[in-house]
Amino acid sequence: SICDSKVWRGAMRNLSLLSLRHVSFPLPPDDVVKYSVSEAETNRVFVVTAAGKFFGVTLDMNDEGFFLDADLGEDLEEGAEAPSPVALTLSSECEVAVIADACGRIDTISLTSGEVDTVGGIDGGIVTACFSPDEEILSAVGVNGSVVLMSQDFEPLAECQLPDNIKVKQSSSASLTWRGDGKFFSVNVDGQIAIFNRDGSLFAKGENTPNMNAVSAWKPSGAIIAAAQKQKHRNDIVFFEKNGLRHGEFSLRNVTADVKCIVWNASSDFVSVIVEEPHAEGGASTKNMLIWYRENYHWYLKYELPLLKDGSYQLLWHDLHALTCVLIHPDGIVEEFVFAWKQVWSRESFAAIALPQDGRRKAGRTTLAVVDGNTVFLTHAHKQLPPPPMCSEELKAPFTVSDASFAQDGSLLVICSDGAVRRAKARKGEEGEDVYMSISHYNVDIGERQDSKKEATGMVEWETVFENTQGVVKEVCSFGDRIGIAVDSGDGSSRLFILSQPKGEGDTWEVESGSPLIISAGIYRMCSGHASSALYIEGGDCTVSVLSSSSPCCLSSLQSLAEVEGKEGPAYFSSLCEDIFTTTYAEANTGERREVLIGRSLAGSGCLYVAGLEMVKEVTSACAHDRHIIVTTRRNVLHFVRLPGTVQGGEDSEAARKSDLHAISEGVSDLELGGEEMSFMAEGVHETGTHNSGVHIGIPVGTDAEGVGFWVEANGERALEAGSRIVAIIPNSPRIVLQMPRGNLEGIFPRVLVLDRLREYIAAEPPRYKDAFREARRHRINLNFLHDFMPAKFASHAIDFVKAVADAGQMSVFIGTLAEEDVTVSQYPLPQRPSTERVNVLGSLVQKEIDALMDDKPKESKISAVCSCLRSAMTSLSKETYLLPILLTLVKPTPPLIEEALREVQQLVHAELEMKKRRLEGTNEEDDEDEDEDETVIHVDGKVDVRKSTILPPEVGGPSPFGGGTGTTPNQRLPTAEEALEHLLFLTGEAVLYRAALTSYDLTLAALVANKTQMDPREYRPFLQRLATMKMGERKLEIELHLQRYDIALAHAVALGEEKWEVEKKLVSQHGLYMQAIDLHKSRGEKEKENAVRQMHAVQLRDECKYEMAGAMFSSYSAHVDAAECYMSAKEYSLALASMRAAGVAPEEIRASVEDMVSALQDQKSHVEAAQLLEYELGDAERAVAEYITAKKYTVARYCAQRHARSDLLETHVRPALAADAEEFVSHLRTAEEEMRTTMQRLVVVRNNKLASPSLNITAGNEGALGQAFDDGMSGIFSIASNLSSFTSSTFASSLSSFKSSTAASQLTGASKMSKGKKLTDRKRRRKERREQTKEGGRLEEAYLMEQISTRFPSKEEDEVYADLVKNLHGDGMHSVVVKVVEAFDAFCAYLDKVHNILQLQHEAPISLPE
């Protein structure tokens, strides 16, 4: 399809002719077309003439032309009436056309063969007939007033009579129309309407409307019926509801014209009317086709076409394509009109707004033009957005306007219904010269007047630019100082006329030699270059040609854009585009400016093409902005296609450097610096908009849009209200104008455009912080962006930033919003082009630098750095003016500098008191007595009378208390101390600020703060009065004690010396400040007090039973005796002996102490430690060896005997102990085996009984877990058994350790887990139930028995002892004993092997005892 069937609803667009094609058929002389009908699926049109001739014409592009003819009177019998058709309708399913004759006959004509057949009739004659939309019912109105319903096979279904008020005659005019859903149809006979149901019953009678003709049409959506009413002074199209009541109307501009035809389009958006207006002097009448569109309760005349031939015209709208209609001329010509919505808006050329004298880009001006018959509504979107049909200006014209366009100089060009192109201009300028109406003229001279509409209408004249004599003017486009006009003749080709601008006064627009240029494929759309002023022409074959503004008018001057860009094939777009426009970008590598063409397709997919490449699908509207192509989609989302080279950054911007490095690592180099990008829009554009050689048309050869750098911003999407469309943008402004589905206009500021604007302001030189701050506040952008985008630049231009903001309140707002996060990363990241493959072009070393830069963290707190920077700037400018934001910079960081902020207030308080004191000097004593009682008076004796303090404020604009002059402006009031305190209270809180005031030790300031809080004066006044009587040192100590800052209070107490020694000891003991006190006295060289504090600390540790720490503290000041006692209590015997020797204790006493230590260790079963004391302190080898043997440390005992040359101890102590332990080990194995046999006997009984009685079954999960644990243990045991057979002591020890770790621990853990029953809150009851369940016959007896088997394994400590035993037996040559031990262990393992094999059986099988 060439036109989407879904019509874009909106009153801010005009209906533009897209294409015109015509087909003719051989109409006999003196015969005219009377009725017509179309078939949408095949795009065929069928007509019947007044003489009964039938013709079929196809409008399909591939098979266009006349294909069928038939004659209704060819086979009529003699004497039959000649054909006189009164209705023509189709039955597509049966492939026949049905023709009703005035005589009552109903004929059908085959659409394939042209065969005529009479299928029925109505007595008396027929006045009209029509098939229902589903082609199942044929309704016909007879001359006798009957309404007959017939089936598709022409069988009668129902018959009824018209209401009594409707009289049908043979000469009556009538129309019959069905509602779109086929449930109702209406009959209009000579202006009287009746509505019937589908079954033929009368539903309603139409309201009596005088002077209404028989023409009517039911809106396909089913809402209303349109009819025509001609009155004396007005000519209306009136509407009726299905109940017959009137439902509004609108007036035609042709008051005396007669309405011949009313037709709705398929989507019910347009109502088209053919009117015939008789000539006033009796000459030939004039006919016109009018297309009306309704929006916001207003009917717009969108298109008017004069009909120049005599006879009846037929108008049909396509059933599938809502913007396609067919006009059948009375002489046999069929014309197909394809329309499209066209948005007409003008924005100032960039030359006028890009680089004014101050070097700043200012927002441009945009005007929308909407056509409504002889009126053009102008809406200045940059100033106001009135809801349509309201507007800013109205241009009245003495002719009907069909389309409009803006020239590059801002003047308005219109296409008139008579085929002429005219230009609006003012009458005369101030000096009598002609002044063309432009956007700037309107806004400056007319837009500000009270009665703008009247003035505009009175001033405007119309200059004829071009008069067309053949064909239809479809589009006009201005490029440079020339105008291109496309004229369509209907044969598929278009003629392009090029007109030159008048060169002198009195000259007219001239058609250039060589015009017209014949475009064989036809012209669909034209647009002028954004910067090159070239003319872009889209042909009907999807090709695009370019004509430069300086090229001569000839076909050879037309360049194929596909060839310019090196594309394959002549077609530039994949499908025809409804809208084309251009924009410019700068190449990243060369800096060259290039102009690229963008198109939005007509097909249902609605693709957006950029340089011929499909970028976005389902696009409903699109426009080019300064740095983006902005589109809306059917998913109601606003997308932004970023232009290459438009990512705003700066040399000193961390965010920009990160983005640059990231782009390099991705193989992308499309980032531009701010200063260069700001001015590229204006380069190469002159005031007249002519093309400069610096602008290149098209993208480089061998690249596409993605390769150049066009990409859709993933983070730039914005959801829209359903049905919203872009109608205008404001140049150099982040504002976009949308039309809502309700018809109203709304201006939005997308975040993407606002951020680009802010980046431009910040990157400018010098930075435009004033504009950036205003925009950020207006659009609710996080103010951290002003710093985070270019932090280094912000730091170097802090004074400029303070001057730009100026207002202290706004500075406080900025400082209050500071946060540690980098908003250029978290909230507003720089747009980055997505890449499908990461390419490292600089090697791994640079990649490491990139990663480090991406992950770097600021060393200093951002808030602290910014606050410090701003505080310095504000202090240097005017400390008194920016006092409140300065205070905020002190309390904003973490931790807040509240004390420093209070010092600033303290200075102001003392300055104001000094000023007050000077003002009060020279006044008499009586004035002092009458002074306000709410003031603070400091007496000479140090006492303070604290009342509600009122500090005298400085005079308005007077001298500052700081001595720095007045405020920044003559009338600016400076903040007082009270206001500064109130500000601090708001920022910090009462309690925090009062504590900070006390820490300043300034009682006047503390009193002033307390007065501003909600504190009880009965609490703080006595306290402050008591402080006023103290010396400064005592006052500081008392304040710190009050604030419970005991460490600082301790420092003050130490500084006061002996006077506060008792206070110091109390602080140290109560709050544990021993180490702080020790450090303070040590720094002051007070050794005696230092040792006293150490003693206090040691005694406290001893009292808290921290003997080891107490011993260390006693030792620190040489109290070794006390230290030894503490070490003895801590059982640190070595330290205790060292302290005793340091204290000079006699050797005899030391030996006695060692004997006591040995006895204590023996009682504690610490035989190894006791042996070490006996060996090393007392030198008693025999007792030491005995202790080692008691601890089963045979190897250590052997080494001890050898060290002391006591080999006799091996025979007397070691060997007998080894033999005894071996016997004990063998006995232990046998006992374990016997106990396991007893347990297995019971386990066999329990298992077999369980199989015999399933009710005794236990939890299978627990049993399985036990079995698995047992299997793991057995594997470890057999590994040990195999290793023991080698008689290798080291292998045996390691295997035995593996045996314990892999079996016993897992067995115990698994068994304990499986022995746990259901968790209960009562622990005692759970234990009792467990004991009962593990008894003989209990539910958990089997699990208990399995647990008992697992507990027969030795513990880890026993394993180490027995491994050491076997190793020493082997070393002493006691081989017979070793064999005995190994045989016993092998027997035990063999029995475990049998148990393992039995327990591995399935739980369902019975088990037996091992042999």
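Just so you know, these numbers come straight off a predicted model, no measurement behind them.

(A) Here's a closer look at the nonpolar core. One finds Phe 801, Phe 814, Leu 870 and Leu 1024 to be the most contacted residues of the largest nonpolar core, which totals 75 residues. Top contributing element to this core by residue count: helix α22 (residues 1003–1011), with seven residues. In this structure, Ala 1124, Ala 1171, Cys 1200 and Leu 1243 belong to the second largest nonpolar core, which totals 67 residues.

(B) Inspection of the state of the cysteines at higher detail. Counted by the stated rule, this structure contains zero disulfides. Of all cysteine sulfurs in the structure, the one in Cys 577 sits closest to Cys 542, which takes part in no disulfide; the separation is 7.4 Å. Residue classification places Cys 542 among the buried positions, given a relative accessible area of 13%.

(C) Quick peek at the sheet that holds strand β45 (residues 559–560). If you trace the four strands from one edge of the open sheet to the other, you get β42-β43-β44-β45, paired in antiparallel fashion. Only two strands of the sheet have a single neighbouring strand rather than two, namely β42 (523–528) and β45. Note that strand β43 (residues 535–539) and strand β44 (residues 544–547) share four bridges and pair antiparallel. Each bridged residue has a counterpart across the sheet, and for Tyr 536 the counterpart in β44 is Val 546.

(D) Broad picture of helix α24 (residues 1032–1042). Taken as a whole, α24 has its buried residues at Arg 1035, Leu 1037, Ile 1039 and Glu 1040. Residues of α24 that are buried make contact with α21 (990–999), α22, α23 (1017–1028), α25 (1046–1056) and α26 (1061–1071). Gln 1044 sits one or two positions beyond α24 and adopts a positive phi of about 60°.

(E) Region of the structure containing the packing of helix α34 (residues 1181–1190) against helix α35 (residues 1194–1203). It is the contact of α34 with α35, at a shortest axis distance of 8 Å, that shows an interaxial angle of 170°. Considering their axes alone, α34 and α35 lie roughly antiparallel with respect to each other. Across the interface between the two elements, Ala 1181, Ala 1184, Val 1185, Tyr 1188 and Ile 1189 from α34 touch Tyr 1194, Val 1196, Ala 1197, Cys 1200 and Ala 1201 from α35. Of the residues belonging to the contact of α34 with α35, the class tally is 10 nonpolar, no polar and no charged.

(F) The pairing of strand β39 (residues 494–500), seen in detail. In terms of residue burial, β39 counts as a mostly covered element, since six of its seven residues are buried. When strand β38 (residues 482–488) meets β39, the two strands line up antiparallel, connected through seven bridges. Bridge assignment links Ala 486 to a residue of β39, and that residue is Leu 496. Hairpin connection between β38 and β39: a loop of five residues separates the two successive antiparallel strands, and Gly 490 in this loop has a positive phi of roughly 100°. Bridge count for β39 against strand β41 (residues 517–519) is three bridges, and the pairing is antiparallel. By the bridge assignment for β41, Leu 496 is matched with Leu 517.

(G) Geometry of the pairing of strand β4 (residues 53–58). Here β4 lies mainly inside the structure; five of its six residues are buried. A loop of three residues connects strand β3 (residues 44–49) with β4, the two strands running antiparallel in sequence, and Gly 52 in this loop sits at a positive phi of about 90°.

(H) Molecular detail of a negative patch on the surface. Negative charge collects at one region of the surface, where Glu 74, Asp 75, Glu 115 and Asp 117 lie side by side. Mapped onto the fold, Asp 75 is located in the loop between β5 (65–71) and β6 (85–91).

(I) Quick peek at the environment of Leu 1024. When you line up the elements, Leu 1024 lands in helix α23. Between the alpha carbons of Leu 1024 and Ala 1007 there is a distance of 7.6 Å; along the sequence they are 17 residues apart.

(J) Molecular detail of helix α9 (residues 769–778). All of the buried residues in α9 are Tyr 769, Asp 771, Ala 772, Phe 773, Glu 775 and Ala 776. On its buried face, α9 is in contact with α8 (751–763), α10 (785–788), α11 (791–796), α12 (798–805) and α13 (808–816). Among the residues trailing α9, Arg 780 stands out with phi positive, at a value near 60°.

(K) Quick peek at the pattern of salt bridges. For the structure on display, the rule yields 59 salt bridges. Among the salt bridges present, the one from Glu 1090 reaches Arg 1094, with a minimum N-O distance of 2.9 Å. In this pair, Glu 1090 and Arg 1094 are both assigned in helix α28 (residues 1087–1103), four residues apart and thus about one turn of the helix distant. Residue Arg 1094 is classed as buried on the basis of its relative accessible area of 14%. Residue Glu 1155 is joined to Arg 1183 by a salt bridge in which the shortest nitrogen-to-oxygen separation is 3.4 Å. With a gap of 28 residues between them, Glu 1155 in helix α32 (residues 1147–1163) and Arg 1183 in helix α34 connect regions that are remote in the sequence. The network of salt bridges with common partners includes Lys 342, Asp 403, Glu 475 and Arg 525.

(L) Geometry of the packing of helix α33 (residues 1167–1178) against α34. The geometry of α33 relative to α34 is characterised by a closest axis approach of 8 Å and an angle of 165° between their N-to-C directions. Put simply, α33 runs roughly antiparallel to α34. Crossing geometry of α33 relative to α34 is assigned as left-handed. Contacts from His 1167, Val 1168, Ala 1170, Ala 1171, Gln 1172, Leu 1174 and Glu 1175 of α33 reach α34 at Arg 1183, Ala 1184, Glu 1187, Tyr 1188 and Thr 1190. Along the lines of polarity and charge, the residues of the contact of α33 with α34 split into six nonpolar, three polar and three charged.

Definitions and limits used
- Residues numbered from 1 in each chain as written.
- Predicted model: local features only at pLDDT ≥ 70, side-chain atom pairs only at ≥ 80, totals over all residues.
- Heavy atoms only, no water.
- Core = buried A, V, L, I, M, F, W, Y, C linked by side-chain atoms within 4.5 Å.
- Buried < 20%, exposed > 50% of the residue type's maximum accessible area, 1.4 Å probe, protein only.
- Helix = DSSP H or I, 4+ residues; strand = E, 2+ residues; numbered from the N terminus.
- Disulfide = S-S within 2.5 Å.
- Pairing = 2+ DSSP bridges.
- Contact = heavy atoms within 4.5 Å.
- Axes fitted to C-alpha atoms, helices over the stretch in contact; angles between N-to-C directions.
- Parallel < 35°, antiparallel > 145°, perpendicular 65-115°, else oblique.
- Nonpolar A, V, L, I, M, F, W, Y, C, P; charged D, E, K, R; others polar.
- Patch = residues over 30% accessible without salt bridge, like charges linked within 9 Å, V, L, I, M, F, W, Y side chains within 5 Å.
- Areas by Shrake-Rupley, 256 points an atom, 1.4 Å probe, with all protein chains shown as cover.
- Salt bridge = Lys/Arg side-chain N within 4 Å of Asp/Glu carboxyl O.
- Lys, Arg positive; Asp, Glu negative; His and termini not counted.
- Charge placed at Lys NZ, Arg CZ, Asp CG, Glu CD.
- Left-handed = near helix turned anticlockwise from the far one by under 90°.

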